[in-house]
Amino acid sequence: MAIDPVIETGDSMPAINILDCPKKMFRWTRQQQANGELVGVVPTMGALHEGHLSLVEAARARCEKVVVTIFVNPTQFGPNEDYERYPRTLQKDVGLLSDLGVDCVFAPSKEDMYPQGSSTTVAPPAVATKLEGECRPEHFGGVCTIVLKLLQIIPADLACFGQKDFQQALVIRNMVRDLNLPTQVAICPIKREPDGLAMSSRNVYLDAGERKRALSLVQALRQVPEAIGQGIKDTGLIETRMKEFLRPFVDRIDYAVVVDSETLECLEAVDRTVVGLIAAYIGKTRLIDNCVVSVAGETDLLIESNH
Ligand code: PAF
């Protein structure tokens, strides 16, 4: 979609830059840093919601300049996934980002990011092999490749990702560490609708009935702190509770597990901080959600909504 390279945002706000050229984006970033300003980047695939906007706020709190990237990355979608159907709302997204005072939007085309003949890819770190890696074998290769490319084009001081995609956040954090990238990675809390549903660009696929059934994910996750709070340490037992809760509401469960929150390794007992992770289909829509729980049962899910 064609869009003005600079959009005026009213009297008090400076104009937002919109760039699609990787070289110009790199120069812009380096220029800010040469001026002594910290640059924060929020990589997204667009169709922005309050979850993304909270990442922008987190970047803004720590950096003088904020860049948001908008690119629906084809290489992270499997052959039968929703690449074509994924919501694309660039004009609206840019309006939201202008209102938030974002300094620059990087919205490249597929050809800008993957020029003809480009064939180099990134082998993701070990934490990518489990869960999502089993269900979506090419997904994290695509994510790592695009995020590395974005961080080459925008060598930001800080990059903000959402905890909603918990495994993705670990994969990116480990890749950045393993490849000695200079960017610091921040993992920011999940934003939820008032009824608890985790915000996601894919929620627009849900009809009214599916939207109600989708709440079963967060409700099943509440079983985790509840069980641990009751002194139940057996992860198998907790996983069974989660699955039994989910089954009447969802059409397919890809996984519902309680695992080590750093390595995603299976555990027999809850003897350290764990993460409850669910991936399930409501109709044709695949949703994911998670909650981190300490050995004492403390969790980010005790709050009904973090609005
Ligand atoms: O989380 C997303 O929106 C995407 O996976 C990301 C990190 C922007 C890479 O395309």
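Before reading further, recall that the structure is shown in the block above.
Residues numbered from 1 in each chain as written. Predicted model: local features only at pLDDT ≥ 70, side-chain atom pairs only at ≥ 80, totals over all residues. Heavy atoms only, no water.

Asks: Go over the overall build of the protein, please, and point to the residues and values.
Replies: Helix and strand content of the protein: ten helices and ten strands. The C-alpha radius of gyration computed for the protein amounts to 20 Å, which stays within 12% of the reference 19 Å derived for 307 residues, consistent with globular compactness. Taken along the three principal axes of its C-alpha coordinates, the protein extends 55 × 40 × 35 Å. For the protein, the proportion of its 307 residues judged to be buried stands at 55%. (Helix = DSSP H or I, 4+ residues; strand = E, 2+ residues; numbered from the N terminus. Rg over C-alpha atoms; globule rule 2.2 N^0.38 Å. Buried < 20%, exposed > 50% of the residue type's maximum accessible area, 1.4 Å probe, protein only.)

Asks: Which residues make up the site of the ligand, and what values do they have?
Replies: Pro43, Thr44, Met45, Asn73, Gln76, Ile146 and Gln168 make up every residue found near the ligand. Measuring from an oxygen atom of the ligand, one finds a side-chain N or O atom of Gln76 at 2.6 Å. Gln168 has a polar side-chain atom sitting 2.7 Å from an oxygen atom of the ligand. For the ligand, whose free accessible area comes to 290 Å², the fraction covered by protein is 89%. Residue classes in the shell around the ligand are distributed as three nonpolar, four polar and no charged. (Near = heavy atom within 4 Å. Polar contact = N/O pair within 3.5 Å; in protein donor to acceptor, adjacent residues only side chain to side chain. Areas by Shrake-Rupley, 256 points an atom, 1.4 Å probe, with all protein chains shown as cover. Nonpolar A, V, L, I, M, F, W, Y, C, P; charged D, E, K, R; others polar.)

Asks: An account of helix α8 (residues 208-221) is requested, with residue identities and associated values reported.
Replies: Within α8, burial applies to Glu210, Ala214, Leu215, Ser216, Leu217, Val218, Ala220 and Leu221. Where α8 is buried, its residues contact α9 (223-229), α10 (235-246), β9 (274-282) and β10 (285-293). A side-chain oxygen of the first residue of α8 lies 3.1 Å from the backbone nitrogen of Gly209; this N-cap is Asp207. (Contact = heavy atoms within 4.5 Å.)

Asks: Which residues make up empty space enclosed by the protein, and what are the values?
Replies: On inspection of all chains with the given rule, the structure shows one cavity of 30 Å³ or more. Computed from the structure, the largest cavity encloses a volume of approximately 60 Å³. In terms of lining residues, the largest cavity is bounded by Lys164, Leu197, Ala198, Ser200, Asn203, Ala214, Leu217, Val218, Leu287, Ile288 and Asp289. Secondary structure elements with two or more residues in the lining of the largest cavity: α8 and β10. (1 Å grid on protein atoms, 1.4 Å probe; cavity = no way out; pocket = protein on both sides within 12 Å on 5 of 7 lines; lining within 4 Å. Points joined across faces, edges and corners; volume = space filled by probe spheres on them.)

Asks: Before we move on, can you summarise unusual backbone geometry with the specific residues and values?
Replies: The phi angle at Ala47 is positive, at roughly 50°, despite the residue not being glycine. Positive phi, normally seen in glycine, also occurs at Asn180, with a value near 55°. Mapped onto the secondary structure, Asn180 falls in the loop between α7 (166-178) and β7 (184-188).

Asks: Tell me about the packing of helix α6 (residues 139-153) against α7, and name the residues and values.
Replies: Direction vectors running N to C along α6 and α7 enclose 50°, while the axes themselves pass 10 Å from each other. It follows from the interaxial angle that α6 and α7 lie oblique. Every pair of crossing elements has a handedness; the one defined by α6 and α7 is right-handed. Note on element contacts: α7 touches α6 through Gln167, Gln168, Val171, Ile172, Met175 and Val176, opposite Phe140, Val143, Cys144, Val147, Leu148 and Leu151. The class makeup of the residues in the contact of α6 with α7 is ten nonpolar, two polar and no charged. (Axes fitted to C-alpha atoms, helices over the stretch in contact; angles between N-to-C directions. Parallel < 35°, antiparallel > 145°, perpendicular 65-115°, else oblique. Left-handed = near helix turned anticlockwise from the far one by under 90°.)

Asks: So what's going on with the pattern of salt bridges? Which residues, and what values?
Replies: Throughout the structure, instances matching the rule amount to 16 salt bridges. For Lys65, the salt bridge is made with Glu37, and the minimal N-O distance between the two is 3.1 Å. You can see Lys65 sitting in strand β4 (residues 65-70) and its partner Glu37 sitting in the loop between α1 (22-34) and β3 (39-44), a full 28 residues away along the chain. A salt bridge links Asp289 to Arg192; the shortest N-O distance between them is 2.9 Å. (Salt bridge = Lys/Arg side-chain N within 4 Å of Asp/Glu carboxyl O.)

Asks: Quick rundown of the nonpolar core? Include the residues and the values.
Replies: In terms of nonpolar packing, the biggest core is built from 44 residues, with Met25, Val67, Phe106, Leu264 and Leu277 touching the most fellow members. Where this core is concerned, the elements lending two or more residues are α1, β3, β5 (104-106), α6, β6 (158-162), α7, β8 (252-260) and β9. If one sorts the elements of this core by residue count, α6 sits on top with nine residues. One finds Val270, Ile278, Ala280 and Leu287 within the second-largest nonpolar core, a separate group that totals 28 residues. (Core = buried A, V, L, I, M, F, W, Y, C linked by side-chain atoms within 4.5 Å.)

Asks: With reference to specific residues and values, describe the sheet that holds β9.
Replies: Strands sit in the order β8-β9-β10 across an open sheet of three strands; the sheet is antiparallel. Both outer strands of the open sheet, β8 and β10, are each paired with one neighbouring strand and no more. If you compare each strand with its neighbour and ignore which way they point, the axes differ by 10° on average. Pairing geometry for β9 and β10, over nine bridges, is antiparallel. Each residue of the ladder has a partner; that of Val274, found in β10, is Val293. Contacting β9 and β10, α8 runs over the sheet at an angle of about 160° to β9. (Pairing = 2+ DSSP bridges.)

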